[in-house]
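Chain by chain, the residues:
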Amino acid sequence: MAEDYRPMWTEQGLDLETHDALLETVGEMYGKTFMSQKNRPDGMAYFDFVMSEVHGLRIKELMDAKKQGRKVIGSFCVYVPEELVLSVDGISVGLCAGAEFAFDQAEKYLPRTTCSLIKAAFGFKLARVCPYVEASNMIVGENTCDGKKKAYEIMKGIIPSLYILDLPQMKSEEGKDLLRMEYVVFAKKLEQMSGKKITAESLRKGIEIVNAKRMAVNRVMALRSADPAPISGLDALLINQVFFYDDPVRFTESVNKIADELEERVKKKQGVVPDGAPRVFLSGCPMAVPNWKVPGIIETSGAIIVGEELCTGERGHQLLTDESGKTVDDMINRITDRYFDIHCAVFTPNPRRLERIREMFGQYGAHGVIDYTLQYCQPYQIEGGAIADDLKKEGTPMLRIDTDYSAGDTEQIRTRVQAFIEQMKK
Ligand code: SF4
Ligand code: SF4
């Protein structure tokens, strides 16, 4: 990091010693996982820089923006509309934590049999190591899975600014009405806390900024259907992860630059792996920073990841919000349409998710699917069974990996992935 940020972290109330340990671990993991890759696009230098400053410069930007009266809104889920946050000149940051940190403290509040993602969110707060949590004026939790829903009841005692967004469970007209009403109430809350009125102009601008960011990422992801793929799955995942933290306009510019570079690579048939390398498609639970374990194993075993049906993947960015709304109400309706079409496993029934996996598998020219779930995540684990049955009928090779954030099962997973790659080659 270019500057000494310790005074800022102290002001935020971080535990400096524990925070140093976290930064050291993440820095080491990053070096090993990302910097050892060959043939990376030059444009990834921007993302290396962002990651090197993820607790430094970006936090300083948030703190400076707060001094100017802007509000920082932290969230854990892709159903929280960034468009609305931007329409009150707020800043949206993702808070999902991807590392096993202070789980012993988290387990004082939560059963051991809670998914790593929820435990990490608690661990990061309890150990005082997340400057994004501490920078947030308000944190939005959402009633999605039961684990999160009940954990938020406890989290409210630790984070008083926690705001709960209720989500429907069924893709019905009534469900969509509920989501729309929740977004209307959320918009009012944002107005009240920021002291700014949402106007048609401010909301339109918010929609355009977020759509531009999504379109830039969609450009990069579409180019991965080329053989050889011009970018690794790890680097694509990194872009998807930074999507939730970075300044949206600067991020869009950087992603468009890398998309230009990848277009050139595709024209020249220049890839990160040799032509014909086994191509894996990933589905399942989100992979928050620094959860790079499974993609790292896959790509150091001779295969390449070409697409992902994850929230740190297409569920996060593929759909756009219709920009033709004229009034605030009209635009909130269109925002609702967009978010209601995300197919998270918390919905029931959820047939479109399965169809989407099949469609994407074909579009990306993949040879096999790896379904990644976090232990104790019932929605994705249960849907994983239906996905496996369906893909089996079609003869699509599929591997299910159920894991957590620890490194204990790394070699066991590697052995299974290597066997799966051999199966795909056949
Ligand atoms: S998996 Fe579902 S609950 Fe989790 S972040 Fe994605 S949409 Fe939200
Ligand atoms: S990974 Fe599964 S159990 Fe964990 S928060 Fe997401 S949906 Fe809930």
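Our structure's up above, just so we're on the same page.
Reference entry: report on the structure contained in this document. Remember, predicted model here, so these are calculated numbers, not experimental data.

About the criteria used
Residues numbered from 1 in each chain as written. Chains lettered and ligands numbered in written order. Predicted model: local features only at pLDDT ≥ 70, side-chain atom pairs only at ≥ 80, totals over all residues. Helix = DSSP H or I, 4+ residues; strand = E, 2+ residues; numbered from the N terminus. Rg over C-alpha atoms; globule rule 2.2 N^0.38 Å. Buried ≥ 20, exposed ≤ 12 C-beta atoms within 10 Å, placed from the backbone. Contact = placed C-beta atoms within 7 Å. Core = buried A, V, L, I, M, F, W, Y, C linked by C-beta atoms within 7 Å. Near = placed C-beta within 6 Å. Nonpolar A, V, L, I, M, F, W, Y, C, P; charged D, E, K, R; others polar. Axes fitted to C-alpha atoms, helices over the stretch in contact; angles between N-to-C directions. Parallel < 35°, antiparallel > 145°, perpendicular 65-115°, else oblique. Pairing = 2+ DSSP bridges. Expected span 1.5 Å × (residues − 1). Arc of directions from axis to C-beta. Left-handed = near helix turned anticlockwise from the far one by under 90°. Right-handed = clockwise from strand over helix to strand, strands pointing away.

## Some details on the overall build of the chain
Within the chain, the secondary structure is distributed over 19 helices and eight strands. Against the 2.2 N^0.38 benchmark of 22 Å for 426 residues, the chain shows a C-alpha radius of gyration of 21 Å, consistent with a compact globule. Across the 426 residues in the chain, those meeting the buried criterion constitute 50%. In the chain, the share of contacts with a sequence separation of at least 24, taken over all contacts with a separation of at least 6, comes to 76%.

## What to know about the nonpolar core
Of all hydrophobic cores here, the largest spans 132 residues; its most connected members are A121, V220 and V280. If you tally residues by element for this core, the top one is helix 11 (residues 200–223), at seven residues. The contact partners of A121, leaving out residues within four places of it in the chain, are F76, L95, C96 and A97.

## With respect to the site of ligand 1
For ligand 1, the full set of nearby residues is C77, V78, Y79, T144, C145, P286, C311, R315, C344 and V346. Its residues assigned to classes, the shell around ligand 1 shows eight nonpolar, one polar and one charged.

## Quick word on the site of ligand 2
All residues in the neighbourhood of ligand 2 are listed as C115, L117, I118, T144, C145, G147, K148, C285, L374, C377, P379 and Y380. The set of elements that each furnish at least two residues to the shell around ligand 2 consists of helix 7 (116–126), helix 9 (146–158) and helix 18 (378–393). A breakdown of the residues in the shell around ligand 2 according to their chemical character gives nine nonpolar, two polar and one charged.

## Considerations on the packing of helix 7 against helix 9
Between two packed helices, the angle of one axis relative to the other and the distance separating the axes together describe the packing. Relative to each other, helix 7 and helix 9 sit at 10 degrees, their axes nearing to 11 Å. Viewed along their axes, helix 7 and helix 9 adopt a mutual orientation that is roughly parallel. Here I118, F122 and K125 of helix 7 come into contact with helix 9, specifically with G147, K148, A151, M155 and I158. Considering only residue class, the contact of helix 7 with helix 9 consists of five nonpolar, one polar and two charged.

## Concerning the pairing of strand 3 (residues 138–143)
Two strands pair when backbone bridges link them, and strand 1 (residues 72–75) and strand 3 are joined in this way by three bridges, in the parallel orientation. Within strand 3, the residue paired with S75 across the bridge is V140. Judged from the five bridges that link them, strand 3 and strand 4 (residues 162–166) form a sheet pairing that is parallel. Along strand 4, the bridge assignment pairs N143 with D166.

## As for helix 16 (residues 328–340)
In this model helix 16 runs 18 Å from its N-terminal to its C-terminal C-alpha over 13 residues, within 8% of the 18 Å that 1.5 Å per residue would give. Buried residues of helix 16: M331, I332, I335 and T336, and no others. On an axial view of helix 16, the arc spanned by its buried residues comes to 145 degrees, and they lie on one face. Lining the buried residues of helix 16 we find helix 5 (82–87), helix 10 (173–194) and helix 11.

## Topic: the environment of S52
Here S52 is to be found in helix 3 (residues 44–52). Judged by local crowding, S52 falls into the partly exposed class, with 14 C-beta atoms found within 10 Å. For the pair S52 and L223, spaced 171 residues apart in the sequence, the C-alpha separation amounts to 26 Å.

## So, the sheet that holds strand 4
In any sheet, the strands associate via hydrogen bonds between backbone groups, in a parallel or an antiparallel arrangement. The parallel open sheet is built from four strands, whose spatial order is 2-1-3-4. This sheet does not close on itself; its edge strands, each paired only once, are strand 2 (91–94) and strand 4. Recorded for the sheet is a direction-independent mean angle of 30 degrees between the axes of neighbouring strands. Running at roughly 150 degrees to strand 3, helix 9 makes contact with strand 3 and strand 4 of the sheet.

## Thoughts on unusual backbone geometry
In the segment running from D227 into P228, the intervening peptide bond is cis, with an omega of 5 degrees. Along the chain, T348 connects to P349 via a cis peptide bond; the corresponding omega equals -20 degrees. Relative to the assigned elements, P349 resides in the loop between helix 16 and helix 17 (351–363). Although it is not a glycine, K269 adopts a positive phi angle of roughly 55 degrees.

## Examining the packing of helix 10 against helix 16
Taken N-terminus to C-terminus, the directions of helix 10 and helix 16 make an angle of 125 degrees; their axes are 9 Å apart at the nearest point. Comparing the axis directions of helix 10 and helix 16 gives the class oblique. Of the two elements, helix 10 crosses helix 16, and the hand of that crossing is right-handed. Seen from helix 10, the contacting residues are K176, L179, R180, Y183, V184 and A187; seen from helix 16, they are I332, N333, I335, T336, Y339 and F340. Classifying every residue of the contact of helix 10 with helix 16 by side-chain character gives eight nonpolar, two polar and two charged.

## Brief notes about the sheet that holds strand 5 (residues 279–284)
Overall, parallel pairing links the four strands, which are arranged 6-5-7-8 in an open sheet. The open sheet has two edge strands, strand 6 (304–309) and strand 8 (398–403), and neither has a second partner. When strand polarity is set aside, the average angle formed by the axes of neighbouring strands in this sheet is 25 degrees. Alignment of strand 7 (residues 368–374) against strand 8, held across six bridges, turns out to be parallel. Each bridged residue has a counterpart across the sheet, and for D371 the counterpart in strand 8 is R400. Along the sheet, helix 19 (residues 410–425) makes contact with strand 7 and strand 8, crossing strand 8 at roughly 170 degrees.

## Quick notes on the pairing of strand 7
Counting buried residues in strand 7 gives seven out of seven residues, a clear majority hidden from the surface. Here strand 7 shows two buried faces, one formed by G368, I370, Y372 and L374 and the other by V369, D371 and T373. Of the strand pairs in this sheet, strand 5 and strand 7 are connected by five bridges, and their pairing is parallel. Bridged to L282 within strand 7 is I370. In this fold, the crossover linking strand 7 to strand 8 by way of helix 18 has right-handed handedness.

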